[in-house]
Amino acid sequence: MYRQGDVLIVPVEEAAVPASAAALPPQQRDVRGRLVLALGEVTGHAHAVVGPGELRRETGPFGAAWLHLPEGGRVVHEEHAVIPLPRGWYRVVRQREYVPGAVRYVAD
Amino acid sequence: MTSIQARPLEVAAQWRRTSLATAPADRAGAEQGVRAAYRAAGLAQPTAVLWFDSPLQAAAAALLLGGGAEEVRAGPGGEAAEPLLDQAAIRLAAAGVRAGGASVREAVRTRPWEQSRRRVVEQVGAGGWAELWALTGGELRPQTQALSARIRTALVDRLTSSAELADDADGDLRERTARAVSAVRLALLDAVLGQHDAPWLAAFDAAGELDGLDGLGGPAEVARSAGWWWPYEQVVLLSERPTELHRDEAGRLDRADGPALAYADGFALHAWRGMPVPPDFLTGLAGLTAERIREEENAELRRVMVEYYGYDRYLADSGAEPLHRDETGILWRIQLPDDEPVVVVEVVNSTAEPDGTFRTYWLRVPPGTRTARAGVAWTFGVTEVDYHPQRET
């Protein structure tokens, strides 16, 4: 698994990707042609994948995101070093913080 | 008329900017949208269009037109709401408005809404609509909805003082409060949310449903130009947009030195990382001490105080001991009186800042956490055993 700031990228077997997730529409790329895994609202800084591949995001605040990189790729961010990823499937997890009675997401 | 545009993400980005806009309303544009909406609904044009600085002022006028004002005056917040209702009454009288007629929200907004949706689904199928929604409104909705819900709660509270109702309040006070609250909620049901309707409008826009001024084109034009609005048979009440909107990286209302959301008339919401706080609370934290934090009885406010003060300072000042230390970070526990302990994991960024230092940050984890690794693993929803990143930046 790989961590870039508040995003964890966990390799998974293709068979582990639920069929319901595989049927989701792939996320569109941003204007720079990247797949945005997580976006900072104020700075606009993004954890993003450069290279061919698809991201499928389940809906809802706790929905998982599934990343397929048929040829591998790189995860970039304005404030973090690049992480090269081998080809394969990944589950993308956003970091959260404990709040008594609730859970909230972290943004770095 | 419906045609799926090639770039739903760009359409969504435009509507996102619209939903966050704080510029003064484009009043001419909004009024043109209102006229188009009435025309499209087959209604006679309203005889009066009134502008207000905030949804609070507009809601006061809506209470007068809709008949809920008496319940509000009779409620526990009646005295506080009185000046607002009086001002609204003067505005309505000056415009020659005696009655507004019935709400026409259904005709100008909901019906074209349903027609547009039916048309899009007929063309692209339920799956196509779900796909379009995921790319547009689905992205915008969580935050826009959270914001309008917060505004709605604040409006109810300002007009009824319901938040101050004591647990041991007597039955009569409870009853009067409940009646006032439901009167305000009813008045708010007549509102169209203008810029805060952006999620749905983004989906319809991407489907080519907003190209003209028929159907939803009118309401969309109002949304691009103004804040909340109340359409009645004879009168339209329109609110300006907020003048201030401050959010954190996660999109939550957040500001330490002033209101996170404010309108020109002073109607405002204060929040710290999304958590609502009283107006003077954050500015009053300037000389905060660890002792004052311990003395705060409200657990939510105490949590805000610790974050504001800084976990690092608080840990040092309160003589906290590290519970556990490993290569993922340090686990700390802070005991609080009459509350569960605050357990935080201290983590160091793996990528250096431009000045060569490494930023340290603290994440609160469940109180039963035993090791630093278990804490960090929890923040990513994986188990301690599984959490072994082969690369971190």
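Residues numbered from 1 in each chain as written. Chains lettered and ligands numbered in written order. Predicted model: local features only at pLDDT ≥ 70, side-chain atom pairs only at ≥ 80, totals over all residues. Heavy atoms only, no water.

By the naming in an unreviewed UniProt entry, chain B goes by DUF6745 domain-containing protein and is assigned to Kitasatospora atroaurantiaca.

Visitor: What am I meant to see in the overall build of chain B here?
Guide: Within chain B, the regular secondary structure consists of 14 helices and 13 strands. Projecting the C-alpha coordinates of chain B onto the three principal axes gives extents of approximately 70 × 55 × 40 Å. In chain B, which comprises 393 residues, the proportion classed as buried is 51%. Sequence separation of at least 24 residues holds for 63% of the intrachain contacts in chain B that already meet a minimum separation of 6. For chain B, the exposed surface amounts to about 17600 Å²; the carbon and sulfur share of it is 48%. Counting 41 positive and 57 negative side-chain charges, chain B places the averaged centre of each group 4 Å from the other. (Helix = DSSP H or I, 4+ residues; strand = E, 2+ residues; numbered from the N terminus. Buried < 20%, exposed > 50% of the residue type's maximum accessible area, 1.4 Å probe, protein only. Contact = heavy atoms within 4.5 Å. Areas by Shrake-Rupley, 256 points an atom, 1.4 Å probe, with all protein chains shown as cover. Lys, Arg positive; Asp, Glu negative; His and termini not counted. Charge placed at Lys NZ, Arg CZ, Asp CG, Glu CD.)

Visitor: Looking at this structure, I do not really get the side chain of B:Gln195. What am I missing?
Guide: All names here are of chain B. Tracing the chain through its elements places Gln195 in the loop between helix H8 (171-189) and helix H9 (198-206). Only 3.2 Å separates the side chain of Gln195 from the backbone oxygen of Ala21, close enough to count as a polar contact. Apart from residues lying up to four places away in sequence, Gln195 is in contact with Thr18, Ser19, Leu20, Ala21, Ala223, Ala226, Gly227, Arg241 and Pro242. (Polar contact = N/O pair within 3.5 Å; in protein donor to acceptor, adjacent residues only side chain to side chain.)

Visitor: Can you help me understand the pattern of salt bridges in this one?
Guide: Opposite charge on two side chains lets them pair, provided their charged atoms get close. All told, the structure shown has 19 salt bridges over all chains when counted by the stated rule. For A:Arg34, the salt bridge identified is with A:Asp30, shortest N-O distance 3.1 Å. Note on A:Arg34: relative accessible area 9%, which makes it buried. Linking B:Arg27 and B:Glu240 is a salt bridge whose minimum nitrogen-to-oxygen distance equals 2.9 Å. Separated by 213 residues along the polypeptide, B:Arg27 in helix H2 (residues 27-40) and B:Glu240 in the loop between strand E3 (235-239) and strand E4 (244-245) bring together distant segments of the chain. (Salt bridge = Lys/Arg side-chain N within 4 Å of Asp/Glu carboxyl O.)

Visitor: I'm lost on unusual backbone geometry in this one. Help?
Guide: Trans peptide bonds make up most of the peptide bonds, and negative phi angles are found at most residues other than glycine. All names here are of chain B. The phi angle at Ser161 is positive, at roughly 55°, despite the residue not being glycine. Structurally, Ser161 can be placed in the loop between helix H7 (137-160) and H8. At Arg273, a position not held by glycine, the phi torsion is positive, near 45°. With respect to the helices and strands, Arg273 occurs in the loop between strand E7 (271-272) and strand E8 (275-276).

Visitor: Would you explain the UniProt feature "domain: DUF6745" (unreviewed entry) in chain B in this entry?
Guide: UniProt records the feature "domain: DUF6745" (unreviewed entry) for residues 184-393 of chain B in the present numbering. In the segment residues 184-393 of chain B, helix accounts for 27% and strand for 21%; the C-alpha atoms at its two ends are 51 Å apart. (UniProt positions renumbered as here; feature names shortened; annotations may be inferred.)

Visitor: Which parts of the structure should I look at to understand H2(B)?
Guide: The periodicity of an α-helix, 3.6 residues per turn, causes residues three or four positions apart to be oriented the same way. All names here are of chain B. A rise of 1.5 Å per residue sets the reference length of H2, with its 14 residues, at 20 Å; its end C-alpha atoms lie 20 Å apart and thus fit the reference within 8%. Those residues of H2 that fall on the buried side of the exposure criterion are Gly29, Ala30, Gly33, Val34, Ala36, Ala37 and Tyr38. Among the structural elements, strand E1 (48-52), helix H6 (105-135), helix H10 (217-225), strand E2 (229-231) and E3 are those in contact with the buried residues of H2. Positive phi appears at Gly42, one or two residues downstream of H2, with a value of about 75°. (Expected span 1.5 Å × (residues − 1).)

Visitor: Honestly, the confidence of the model for chain A in this entry has me stumped. Any pointers?
Guide: Detailed conclusions should not be drawn from predicted coordinates in areas where pLDDT is low. Taken residue by residue, chain A gives an average pLDDT of 86. The fraction at 70 or more is 88%. When the elements of chain A are averaged for pLDDT, strand E11 (residues 102-105) of chain A gives the smallest value, 62, and strand E2 (residues 7-12) of chain A the largest, 95. (pLDDT = per-residue confidence, 0-100.)

Visitor: So what exactly am I meant to see when it comes to the sheet that holds strand E13 (residues 391-392) of chain B here?
Guide: Strand pairs in the sheet, formed through backbone hydrogen bonds, run parallel or antiparallel to each other. Overall, mixed pairing links the six strands, which are arranged E5(A)-E6(A)-E9(A)-E2(A)-E1(A)-E13(B) in an open sheet. In this open sheet, the two strands that pair with only one neighbour each are strand E5 (54-57) of chain A together with E13 of chain B. (Pairing = 2+ DSSP bridges.)

Visitor: When you look at the packing of helix H3 (residues 55-66) of chain B against helix H5 (residues 78-94) of chain B in this model, what are you seeing that I'm missing?
Guide: Residues and elements named next belong to chain B. Closest axis-to-axis distance for the H3/H5 pair is 8 Å, and the angle between their directions is 75°. Judged by the angle between their axes, H3 and H5 are roughly perpendicular. Contact with H3, carried on its side by Leu56, Gln57, Ala60, Ala61, Leu63, Leu64 and Leu65, involves Leu84, Leu85, Gln87, Ala88, Ala89 and Leu92 of H5 and no other residues of that element. Here the contact of H3 with H5 is composed, by residue class, of eleven nonpolar, two polar and no charged. (Axes fitted to C-alpha atoms, helices over the stretch in contact; angles between N-to-C directions. Parallel < 35°, antiparallel > 145°, perpendicular 65-115°, else oblique. Nonpolar A, V, L, I, M, F, W, Y, C, P; charged D, E, K, R; others polar.)

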